[in-house]
Amino acid sequence: MPRITLPDGTVKEFAAPVTAAEVAASIGAGLAKAAIGAKVNGELSDLATVLDSDCSLAIVTPKKREGGADADALFLIRHSTAHVMAEAIQRLFPHVKLVYGPPLETGFYYDISFEGGKAISTEDFPAIEAEMAKIVAENRPFTRYEMPIDAGLAKLKGEGSKFKLDNAERATAAGSTALSWYATGTPGTNWEDLCRGPHVPATGKIGAFKVTSLASSYWKGDENLDRLTRVYGTAFATKEELAAHMAQLDEAKKRDHRVLGKQLRLFHIDEMVGQGLVLWTPNGGVVRQELQTFISEELRKQGYHQVFTPHIGKLDLYRTSGHFPYYRESQYPPLVEHEQLSMLAKEGCSCGDLVNRMEKGEIDGYLLKPMNCPHHIRIFASSPHSYRDMPVRLAEFGTVYRWEQSGEIGGMTRVRGFTQDDAHLFVREDQVAEEVLGCLSLVKLIFGTLGMSDYRVRVGLRDPDSAKYVGDPKNWDKAEEACRAAAKTLGVPFSEEPGEAAFYGPKIDFVVKDVIGRSWQLGTVQVDYNLPIRFDLSYIGADNQPHRPVMIHRAPFGSMERFVGCLIEHFAGAFPLWLAPEQVRVLPISEKSADYARELHSALRAQGIRATLDESNDRIQGKIKDASDMKVPYCAVVGPRDAEGRKVSVRAFGTEANLGEIGFDAFVDGIAREYRTRGAETVKGSMAK
Ligand SMILES: [Zn+2]
Ligand SMILES: [Zn+2]
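Residues numbered from 1 in each chain as written. Chains lettered and ligands numbered in written order. Predicted model: local features only at pLDDT ≥ 70, side-chain atom pairs only at ≥ 80, totals over all residues. Heavy atoms only, no water.

**Section: the layout of surface pockets**
Remark: the empty space left among the atoms is shown by a probe the size of a water molecule rolled over them.
Phase 1: Size it by volume and the largest pocket reaches roughly 1200 Å³.
Phase 2: Looking at the lining of the largest pocket residue by residue, the class counts come to 15 nonpolar, 15 polar and nine charged.
Phase 3: Roughly 1000 Å³ of internal volume is contained in the second largest pocket.
Phase 4: Together, 41 residues line the second largest pocket, and Tyr100, Leu194, Cys195, Arg196 and Gly197 are the ones closest to its centre.
Phase 5: It is helix H6 (residues 162-173) that contributes the most residues to the lining of the second largest pocket, five residues altogether. (1 Å grid on protein atoms, 1.4 Å probe; cavity = no way out; pocket = protein on both sides within 12 Å on 5 of 7 lines; lining within 4 Å. Points joined across faces, edges and corners; volume = space filled by probe spheres on them. Nonpolar A, V, L, I, M, F, W, Y, C, P; charged D, E, K, R; others polar. Helix = DSSP H or I, 4+ residues; strand = E, 2+ residues; numbered from the N terminus.)

This is how it looks when you write it as structure tokens:
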């Protein structure tokens, strides 16, 4: 006699075993109709599950809760849609073999082997969706049946799919006591798939679906095994939810920095130059220059000194720092001098010998610099320092080169050459806490100015059980406390992560998410007790004795490439006026106002404003659209009446109507002020008053 406890605490008692569907019907006809699955003792199950003993039961329906769709309902719908898609694909491509098709957070996929026949392309999607629609319209039940392991394995062997046989063998190894199939309809008659379930009761419960994309994959993720095609799709309970999801994806695509980078001509990656090597085109150059100017101004206020160092350094330098030959995989190979090379060639030295002798230090060469620290250290060491000179803060927009295995084509976020907004602070131990705080206040200021609040802070601490960390534990305690205290001043949530410190000291990292949800580490602030020892750095203390300084490495934005890539997505390409490559476009309505437009254009240029003039014969609507396509912050529309009254009709990017009219001088001054204050005062804001 099962006693069934419902979510509200009610207990229902039945005289004989019942299915979850029958319990739903006993509660109400509405619930029975909406039901697509059940949670039995917390486990997601089919509605047809027989309840023969006491249990807790919740009926799963696609009804939205607290604004979002029910995650269990989506799981059932998507897993069921994966079956429907696989059946449709097998109808159209009878030669394919199915591998594995799980639901995902945003949809589902099915890994399929197309070997030995026609391959699939995105052009096949409409035909696949049409077949799927037929299966959904037929409203066939998902019917589960089970077989004992041996009989089940024999059946699969007979069917000849090594993929399904392997799935079954793995399920058996993991402890399954029987194998189960789900037929879409009647077992033995309709299409079926080896599957643990659960599913919605019938295909008609699938509200809306879409086949979305293709990717290549390998069986078990192993590139030595079969090459597979991963077909992605998504499904929802209703057409409206699917439409909203697709609109959101479209929006994300529009923000993608690789797409916008091309459209707005911000940067270019050229196969002839090399993968992962960013070419900053004039428009992107403006954005970078403005950011560097802003950062440099702040650094000057904080007492930094600007230095410049070359792009290469001798191998010996990196032997001392420890970057060579360690971390060799992440560097371009060393450069060898001509004379050395010809001498080695005469000796008949092989490539293997060359590498060996370089590592041993018998042959010298140069390395494209993988980081700027060793160069800055040699600058610090080039003159004596007293405790009164400390801290010494050396800053450089330093370009470094790292060998990335997968130079992601077309993007700025994973590259092989990049410029860090780097600085190294050589400080006395008693100055560590204050200097770390100073580094973070700069980050806070710049993120604040850019309106970036969606970042995460990670404080990397040492793992107390590990021996890999160098230096005195007392120093570590102090440095960790300094980092923790500094992170608190940021006013954003941060996590402390033991084991995430560098081997030479604790660090603070800044992590942001891009439009497709990938996390990127931007900046970092690191406290370092190790390199000052390796390079034997010292300063003269008040006691007239040499003392060891502590180093702080900091690159708050990581690299200009990655940072600007993230900024493009953050602003969806619509940069604020101070960063915008083109700040104002002057649009004369006709030839009659051309002279006045030229005068306005010159007046703006005289103020150092990046203004352009559209003197084409296009209609004004066309000119406005062109400016809007390039996301120019302001358009100054001038017609004969404006010329007469010395006025400007102002249009801001992203607003439908004109902001209104403003006097010639007020407009030029307003734009100049918005530029100078980096958006603290805006023309738009002043006209709204
Ligand atoms: Zn399945
Ligand atoms: Zn460094």
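**Considerations on the coordination of the zinc ion (ligand 1)**
Phase 1: Distances from the zinc ion (ligand 1) to its protein donors, His79 (NE2), His83 (NE2) and Cys195 (SG), fall within 2.0 to 2.3 Å.
Phase 2: We note that the donor set of the zinc ion (ligand 1) lies within a single chain, spaced as H-x3-H-x111-C. With His79 and His83 both in helix H3 (residues 71-92) and four residues apart, the pair spans about one turn of that helix. Accessibility classification places His79 together with His83 in one group, the buried group. (Donors = N, O, S within 2.8 Å, 3.2 Å for Na, K, Ca; no water. Buried < 20%, exposed > 50% of the residue type's maximum accessible area, 1.4 Å probe, protein only.)

**Observations concerning the coordination of the zinc ion (ligand 2)**
Phase 1: The coordination sphere of the zinc ion (ligand 2) contains the protein donors Cys373 (SG), His424 (NE2) and His553 (ND1), at a distance range of 2.1 to 2.4 Å.
Phase 2: The sequence pattern describing where the donors of the zinc ion (ligand 2) fall on their chain is C-x50-H-x128-H. Residue Cys373 is found in helix H13 (residues 373-381), and its partner His553 is found in strand S28 (residues 550-555); the two are separated by 180 residues along the sequence. Taken as a pair, Cys373 and His553 share a single burial class, namely buried.

**Notes on the packing of aromatic side chains**
Phase 1: Scanning all chains against the criterion turns up 15 aromatic pairs.
Phase 2: Within the aromatic cluster, the residues linked to one another by ring pairs are Phe447, Tyr455, Phe510, Phe557 and Phe563.
Phase 3: Above the ring of Trp578, the side-chain terminus of Arg678 is found at 5.2 Å from the ring centroid. (Phe/Tyr/Trp six-rings, centres within 6.5 Å; stacked < 30°, edge-to-face > 60°. Lys NZ or Arg CZ within 6 Å of the ring centre and 35° of its normal.)

**Examining unusual backbone geometry**
When glycine is set aside, most residues are seen to have a negative phi, and most peptide bonds are trans.
Phase 1: In the segment running from Gly197 into Pro198, the intervening peptide bond is cis, with an omega of -5°.
Phase 2: By the element assignment, Pro198 lies in the loop between strand S12 (192-194) and strand S13 (208-218).
Phase 3: Of the consecutive residues Met390 and Pro391, the connecting peptide bond is found in the cis state with omega at 0°.
Phase 4: Looking at where Pro391 falls in the secondary structure, it is placed in the loop between H13 and strand S20 (392-401).
Phase 5: In this structure, Asn139 is a non-glycine residue whose phi angle is positive, near 50°.
Phase 6: Here Asn139 is to be found in the loop between helix H4 (125-137) and strand S10 (142-148).
Phase 7: Using a relative accessible area of 43% as the deciding quantity, one classes Asn139 as partly exposed.
Phase 8: Although it is not a glycine, Asn544 adopts a positive phi angle of roughly 70°.
Phase 9: Within the fold, Asn544 resides in the loop between strand S26 (539-540) and strand S27 (546-547).

**Points about a nonpolar patch on the surface**
Phase 1: On the surface, Tyr326, Tyr327 and Phe503 cluster together to form a nonpolar patch covering roughly 340 Å² of accessible area.
Phase 2: Here Phe503 shows up in the loop between strand S23 (494-498) and strand S24 (507-513).
Phase 3: When its relative accessible area of 31% is taken as the criterion, Phe503 is described as partly exposed. (Patch = residues over 30% accessible without salt bridge, like charges linked within 9 Å, V, L, I, M, F, W, Y side chains within 5 Å. Areas by Shrake-Rupley, 256 points an atom, 1.4 Å probe, with all protein chains shown as cover. Salt bridge = Lys/Arg side-chain N within 4 Å of Asp/Glu carboxyl O.)

**Re the packing of helix H14 (residues 432-449) against helix H15 (residues 473-488)**
Phase 1: Close contact between H14 and H15 brings their axes to 9 Å; oriented N to C, the two are set at 35°. Between H14 and H15 lies a crossing of right-handed hand. Seen from H14, the contacting residues are Val432, Ala433, Val436, Leu437 and Leu440; seen from H15, they are Ala482, Cys483, Ala486 and Ala487.
Phase 2: Its residues placed into classes, the contact of H14 with H15 shows nine nonpolar, no polar and no charged. (Axes fitted to C-alpha atoms, helices over the stretch in contact; angles between N-to-C directions. Left-handed = near helix turned anticlockwise from the far one by under 90°. Contact = heavy atoms within 4.5 Å.)

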